[in-house]
Amino acid sequence: MLAIGIDPGTAITGYGLVHQTPSGDLRCVDWGVIVTPVKMPLGERLVHIHASLVTLLETHRPQAAAVESLFFQRNVRTAMSVGQARGVVLLALQQAGLAVADYTPNQVKQAVSGYGAADKQQMQSMVKTLLSLSELPKPDDAADALAIAICHLNTRRSMTALERAQ
């Protein structure tokens, strides 16, 4: 199973593709970020995010997708902007025929590190370890996206095992 994890943002959208073997081993396929220029109008930024994600989906053809839930912070303007980026991400994933799973930041941290309040460094170290990477995945947005993909694959595997047991 190949899963794509997405950490949506208007300026930077992180993505990570992780393959899980039938035995449960995880392997990193690709990671990176989609960056939009700060001075680009919002509509053009959203088009760029969508087009870039469509290209990624066509290139890798994942079977599963997971996106970080919108985490409302104090800055309403930032939350609205991230929500708009998240919307075009969801659109691209749906157009590709993918069911999309949604995970909160705490769910991702818990699934990857075993600790729902893990910091960025702990998460990057765990992603590096779980995917047997030679270096910490950078930037943070890409590392977060890899963690989201890992969270989804492990959650899906656990749910499948639970269903079989019942």
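Conventions adopted
- Residues numbered from 1 in each chain as written.
- Predicted model: local features only at pLDDT ≥ 70, side-chain atom pairs only at ≥ 80, totals over all residues.
- Heavy atoms only, no water.
- Helix = DSSP H or I, 4+ residues; strand = E, 2+ residues; numbered from the N terminus.
- Buried < 20%, exposed > 50% of the residue type's maximum accessible area, 1.4 Å probe, protein only.
- Contact = heavy atoms within 4.5 Å.
- Areas by Shrake-Rupley, 256 points an atom, 1.4 Å probe, with all protein chains shown as cover.
- Salt bridge = Lys/Arg side-chain N within 4 Å of Asp/Glu carboxyl O.
- Pairing = 2+ DSSP bridges.
- Axes fitted to C-alpha atoms, helices over the stretch in contact; angles between N-to-C directions.
- Arc of directions from axis to C-beta.
- Polar contact = N/O pair within 3.5 Å; in protein donor to acceptor, adjacent residues only side chain to side chain.
- Core = buried A, V, L, I, M, F, W, Y, C linked by side-chain atoms within 4.5 Å.

Caption draft 1: Focus on the overall build of the chain. Along its length, the chain carries five helices and five strands. Along the chain direction, N to C, the helices and strands of the chain fall in the order β-β-β-α-β-α-β-α-α-α. Looking at the chain as a whole, 42% of its 166 residues are labelled buried. Taking the contacts inside the chain whose residues are at least 6 apart along the sequence as the reference set, 61% of them involve residues at least 24 apart. As displayed, the chain offers around 8800 Å² of accessible surface, 55% of which is attributable to carbon and sulfur atoms.

Caption draft 2: Focus on the pattern of salt bridges. Counted according to the given criterion, the structure contains two salt bridges. Close ionic contact of D144 with K120 constitutes a salt bridge, the shortest N to O distance being 2.6 Å. Taken as a pair, D144 in helix α5 (residues 140–165) and K120 in helix α4 (residues 120–130) lie far apart in primary sequence, 24 residues in all.

Caption draft 3: The sheet that holds strand β4 (residues 64–68), seen in detail. In spatial order, the strands read β3-β2-β1-β4-β5; together these five strands make up an open sheet with mixed pairing. Both outer strands of the open sheet, β3 (26–35) and β5 (100–103), are each paired with one neighbouring strand and no more. Between one strand axis and the next, the sheet turns through 20° on average, direction left out of account. Taken together, the six bridges between strand β1 (residues 2–7) and strand β2 (residues 12–20) define a ladder with antiparallel strand orientation.

Caption draft 4: Expanded view of α4. Within α4, the full set of buried residues consists of M123, Q124 and V127. Seen end-on, α4 carries its buried residues on one side only, within an arc spanning 100°. Sitting at the head of α4, D119 places a side-chain oxygen 3.1 Å from the backbone nitrogen of Q121.

Caption draft 5: Main features of the side chain of Q124. Here Q124 shows up in helix α4. Separated by 3.5 Å, the side chain of Q124 and the backbone oxygen of P137 make a polar contact. Those residues in contact with Q124 that lie beyond four places of it in its chain are L136, P137, K138, D140 and A143.

Caption draft 6: Representation of the environment of Q95 in the model. With respect to the helices and strands, Q95 occurs in helix α2 (residues 76–95). Q95 sits in the exposed class, given a relative accessible area of 54%. It is 8.7 Å that separates the C-alpha atoms of Q95 and V54, two residues lying 41 residues apart in sequence.

Caption draft 7: Inspection of the nonpolar core at higher detail. Core analysis: the largest hydrophobic core is formed by 22 residues, its most contacted members being V18, V108, V112, V127, L131 and I150. Of all the secondary structure elements, the ones that give two or more residues to this core are β3, β4, β5, α3 (105–113), α4 and α5. Residue contributions to this core peak at seven residues, all from α5. Those residues in contact with V108 that sit more than four places away from it in its chain are Y103, M123, A147, I148 and C151. Of all hydrophobic cores here, the second largest spans 19 residues; its members include Y15, L57, A65 and L98.

Caption draft 8: A look at the side chain of R86. As for its position among the elements, R86 is in helix α2. Among the residues examined, R86 registers a relative accessible area of 13% and is labelled buried. A polar contact of 3.1 Å, which involves the side chain of R86, links it to the backbone oxygen of E68. What R86 contacts, discounting residues up to four positions off in sequence, is P8, V67, E68, S69, L70 and D102.

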